[in-house]
Amino acid sequence: MRSARSAQLVRVLLLVLLAGFALFPLLWMVSVSLMAPGEASQFPPPLLPDAPGFSAYRALFATTGIAAYFINSLIVATLGTMLSLAFNATAGYAFAKLRFRGRDRIFQLLLAALVIPGQVAMLPLFLMLKEIGLINSFAGVLVPVTASIFGIFLVRQYALSIPDELLEAARIDGASEGRIFLQIVVPALTPILVTLALFTFLGVWNDFMWPLIILTDQDKYTLPVALAALSREHVQDNELMMAGSVLTILPVLLLFLVLQRYYMQGLLAGSVKG
Amino acid sequence: MSRYSAAGWAFAAPAMVMLSLFFFVPVLLAFALSLTDFDLYALANMDDLRFIGLGNYAELLQTPLFWKALGNTFYFVVVGVPLSIALSLGAALLLNGAASRLVGLFRTALFAPVVTTLVAVAVIWRYLLHTRYGMLNYGLERLGIDPVDWLGDPNWAMPAIILFAVWKNFGYNMVILLAGLQTIPNDLYEAARIDGANAWQRFLHVTLPGLGPMLLLVSILTMAGYFQLFAEPYVMTQGGPVESTVSVLYFMYEQGFKWWNLGFASAVAFILFVIMFAITAVQYRFAKARGVA
Amino acid sequence: MRLFFLVFLLLFGCTGRDDGREVVKFWAMGREGEVVAELIPEFERLHPGIRVELQQIPWSAAHEKLLTAYAGQVTPDIAQLGSSWVPELVALGALEPIDKIAAGSQTVRAEDYFTGIWGGNVINGRTWGVPWYADTRILFYRSDLLRQAGFAQVPDNWAGWLQAMRAIKQRGAARDYAIFLPINEYEPLLAFALQQPEPLLRGGGRYGNFTSPGFTRASEFYFDMFRQGLAPRATNTQISNIHDEFAKGHFAFIITGPWNIGEFKRRMPAERQDDWMTAPLPGPTGPGASIAGGSSLGVFARSKRKASAWKLIEYLSQPKVQLRFFELTGDLPPRRSAWNAPLLADDRYATAFRDQLERTRAPPAVPEWERIGQQIRIVSERAVAGQISPAQFRATLNADTDAMLEKRRWKLAREASQ
């Protein structure tokens, strides 16, 4: 009994240490963002602000134009999520429940293609988009993200569990495929669609390399790209940069906290068979 | 039947068209591009484009920076992946036996770094790793260890990035491994205990085999992710100091978007793809031989 | 339906703030970008029909951004261009030649500009940019240490300079040096190389010329300073606080640019403010040349507002505006008439720059120069570290350069046969 208790104690202690390791940088980020300019660059480095205030945030909004970047990120992530849902849900359902020639073969091909790193496509994609004039546009940013093999896989796995009889009955009743999709399938798929929406939103919000390449106009920058550019200019301004980081991370962190269940479900569904 | 077919095509087509146009076609084009000497001159005037067959690949093999990038990336993968998985496994084991009301809380806390924006946290870590004002060196100093110039010393820059990468995504694998741990039936542990096995032996002979498929998956995913190292060197070190943190993708990015040697850069991308594919295949084959996959 | 339309607009980046004025898109970098924002309102007041849309880009990303913009056909109307980028953009056909419009201009008169600085913008007989500010490298040195070593001023030739450095090193502490040449900067070596009669590339920019007697002399001189223990084998990140070290006498000479006038004034301790001075670079046999650098203002070929963009260039080229710019940034005006003002004429530190600016040479105007420059840096680091001999250094540099210029040779050969 004693040893089980002390084992639990050790366990909790280790977990607390690990959690400290995981959370410290994030908590420090918040702390520094509330410090006065230059406060963080002292020795010994302070853990907490002397007199917490929002001067860094004020400076951030006043001098860096971050509000615009925030809005850009919001627009791009929201649009991306809507498009992803539209394209991947329909395809996922099709691969699960609708029959068409070569369906399974194509799906296997898609799964195999998961191995290909996205960056291989980036250079030619840039040239292609240049020909059709999508450089430096939000559409250009979203084009590679819209249909995703992982998204289709996710929806398909879930859609497999929709009872065929339900769909058959609707067909016998004379409903069109479109109607069936909207009125039966989508409601049934809601949990996984929430997951897909969450994954897409997070993925697009956090995306860096592609927007870096495709967006040339500063006023179209998304937060990660803007933050990277700012970090090269404002190397000295800890507090300012931390405020910027807070602004970038907070939305996705909150979104994750609220919809954790769906996130974990999606993560595992993609990884655990069945 | 035919109505199904038409509907099936209609529903799948949008995504298929997008994927074909904006993924598969570019990938094929990338290979084609890698067989040319597409560069700044060709960008200005397509007449200045030459087909050079495997010339780029040959040149790559003779480019010292490419080998350095390859070496750096392998260093990152070989050290980072086992470290990351070990930490994830450790965390999963801790969570597995913990009281249920704590599990949710700790799981969230340990997972938080995963969802954060890479650029934003890379900026944070750049300050944490600061030689004078960084928390890491301050902590070391309190322990009596000399400060390290993490991002300025060629010997320590990559380890610093490895530390950062492990911190960022150990939570991801932890969740997967935790789910895997929870599928191992308790009676297996009981049986082992009855047979006189101690904790370590139980771990070796029940836990690890039980986790087999999960570990394979986690290892493949993590390795694939780590080979694509780019944002960390871009934000934290710009490939320095002395090119010690230039990764294969960073090299590709510089060649492609800084120097506009698109043909050369495409060759780099393809080599990366081939390497990743080969390593994944080897892992899979290895696991199959061990009866895991 | 309206939602769909809105989505469509957002996606395809249609924004519109129309107030009837012509919009000139201007990209500027770093500190200059921040400062020029203050000069623009006055320009807009003088030209009510023009609005300038300024975009500030960090230096580290600017080159990429310009080329990406060119590739995506979304270049601005006018941009600040680092001197080494002009040949590249000209090779791409991205810039508009300005000879005709400059010929008719009252404000932009080529004769008033420092020859080397203006010359850096002339490629294949045509002019592609107007210098905005001039940059070059000269000596900043500890005048007191030099005096104590027995020299009233910096000798104007290499032999004398070496003597002075050796004297300083002898008098200094064991861990001190005479000069700091960061091994990860190639500008000092480049400057010595540009002082030689032979060009850095031969055959019209087709081959490397790094085994020429001139470059051999320059590189031996450079490596000698390390071999004789006059310079530490360190990078500018290993010795990052140069002002501190300079003040402490860790080294007495450094080859750097105009921005350090302000930096030194700000960062050197008060008791040392009278102990430093600037001087032009010594050359092999007398006063030497230095690198013609700085930034130019260029108009892009695809711009639809070239006339308005030119008006902005004219405005920024006015001597009094350039003086104001100098006040705000410390960047040196590229035209002689601006230097007559007391602000610059009486600045004792700037005098050496004025002198040097009459003796500047630009690096070869080939698009590959940026990469060749980087290669010089990489290979020279190895030579300084002793990993390769100076002869190997020159041979490797030639081989690498020849490889980098292969396409240029092919292209030139093709054009010649057409």
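For clarity, every value in this text was computed on a predicted model and none was experimentally measured.

**Student:** I keep staring at the overall build of chain A and nothing clicks. Help me out?
**Tutor:** Counting secondary structure elements, chain A contains 13 helices and zero strands. Listed by position from the N terminus, the elements making up chain A come as α-α-α-α-α-α-α-α-α-α-α-α-α. Its C-alpha atoms give chain A principal-axis dimensions of about 75 × 70 × 35 Å. Going through the 274 residues of chain A one by one, you find that 55% of them count as buried. For chain A, long-range pairs separated by at least 24 residues make up 73% of all intrachain contacts whose partners lie at least 6 apart in sequence. Counting every atom, chain A has about 11700 Å² of accessible surface; 66% of that belongs to carbon and sulfur. Averaging the coordinates of the 17 positive side-chain charges in chain A and doing the same for the 15 negative ones gives two points 13 Å apart.

**Student:** Just to check I follow, could you spell out the interface of chain B and chain C for this structure?
**Tutor:** Much of the literature gives interface size as the accessible area that the parts lose upon coming together. Taken together, the contacts link 19 residues of chain B with 21 residues of chain C. The three residues of chain B that bury the most area against chain C are Tyr41, Arg50 and Trp259 of chain B, which together make up 36% of that side's buried surface. Here chain B is connected to chain C by five salt bridges. A salt bridge links Lys411 of chain C to Asp48 of chain B; the shortest N-O distance between them is 2.6 Å. Joining chain B to chain C, the criterion identifies eight residue pairs in polar contact (both at pLDDT 80 or more). Those elements giving two or more residues to the side of chain B that touches chain C turn out to be helix 2 (40-44) and helix 12 (248-258) of chain B. By residue number, the principal contributor to the side of chain B that touches chain C is helix 2 of chain B, which donates five residues.

**Student:** Would you take a moment to explain the nonpolar core for this structure?
**Tutor:** The nonpolar side chains of soluble globular proteins are, as a tendency, buried together. Residues Tyr263 of chain A together with Leu110 of chain B are the most contacted members of the largest nonpolar core, which totals 229 residues. The biggest single contributor to this core is helix 8 (residues 157-181) of chain B, with 15 residues. In this structure, Leu110 of chain B is in contact with Leu15, Leu18, Ala19 and Ala22 of chain A together with Ala91, Leu95, Phe170, Gly171 and Met174 of chain B, ignoring residues within four places of it in sequence.

**Student:** Is there a simple way to explain the sheet that holds strand 8 (residues 179-180) of chain C in this structure?
**Tutor:** Across a sheet, paired strands are connected by hydrogen bonds in the backbone, their directions being either parallel or antiparallel. All names here are of chain C. Across the sheet, which stays open at both edges, the four strands sit in the order 8-11-7-12 with mixed pairing between neighbours. Since the sheet does not close on itself, it has two edges, and those belong to strand 8 and strand 12 (276-279), each with one partner. Across two bridges, strand 8 lies against strand 11 (residues 253-256) in parallel orientation. Paired with Ile179 across the bridge in strand 11 is Phe253. Sheet strands touched by helix 17 (residues 350-357): strand 7 (138-142), strand 11 and strand 12. Its angle to strand 7, the strand with the most contacts, is close to 150 degrees.

**Student:** Whenever I open this one, the interface of chain A and chain B confuses me. Can you help?
**Tutor:** Taken together, the contact pairs 95 residues of chain A with 90 residues of chain B. Across the chain A to chain B interface the summed buried area is about 8300 Å²; carbon plus sulfur atoms make up 80%. In this assembly, chain A and chain B are joined by zero salt bridges. Counting every contact that joins chain A to chain B gives 11 residue pairs in polar contact (both at pLDDT 80 or more). A total of 16 residues in the side of chain A that touches chain B trace back to one element, the largest contributor, which is helix 1 (residues 2-33) of chain A. For the side of chain A that touches chain B, a count of residues per class yields 70 nonpolar, 16 polar and nine charged.

Criteria and cut-off values
Along each chain, the written sequence defines residue order, and numbers are assigned to residues from 1. All chains are assigned letters beginning with A, and all ligands numbers beginning with 1, in the order in which they are written. This being a predicted model, a pLDDT of at least 70 is required before a residue's local features are given, and a value of 80 or more before pairs of side-chain atoms are given or counted; all residues contribute to the totals for chains, interfaces and linings. Hydrogen atoms and water are omitted, and side-chain values are computed over all heavy atoms in the structure. Helix numbers and strand numbers start at the N terminus; a helix is a DSSP run of H or I with at least 4 residues, a strand a run of E with at least 2. The rule is simple: take the accessible area with a 1.4 Å probe, protein chains only, and divide by the maximum for that residue type; under 20% is buried, over 50% is exposed, in between is partly exposed. For this analysis, residues touch if any pair of their heavy atoms sits within 4.5 Å. Using a 1.4 Å probe, the Shrake-Rupley method yields the accessible areas, and only the shown protein chains count as cover for residues. In this count, Lys and Arg are taken as positive residues and Asp and Glu as negative ones, while His and the chain termini are left out. To locate a charge, the coordinates of NZ of Lys, CZ of Arg, CG of Asp or CD of Glu are taken. Buried area is understood as the total, over both parts, of accessible area removed when two parts are fitted together, assessed with a 1.4 Å probe. Criterion for a salt bridge: a side-chain nitrogen of Lys or Arg within 4 Å of a carboxyl oxygen of Asp or Glu. Two N or O atoms count as a polar contact when they lie within 3.5 Å, although within protein this holds only if one can serve as hydrogen donor and the other as acceptor, and sequence-adjacent residues are included solely when both atoms are side-chain atoms. In this text, buried Ala, Val, Leu, Ile, Met, Phe, Trp, Tyr and Cys residues form a nonpolar core when linked through side-chain atoms within 4.5 Å. Here a strand pair is declared whenever DSSP counts at least two bridges between the two strands. In this analysis an axis means a line fitted to C-alpha atoms, helices contributing only their contacting stretch, and an angle means the value between N-to-C directions, from 0 to 180 degrees. We call Asp, Glu, Lys and Arg charged. Ala, Val, Leu, Ile, Met, Phe, Trp, Tyr, Cys and Pro are nonpolar, and the rest, Gly among them, are polar.

Honestly, that's just the spatial picture; any functional story needs more than this.
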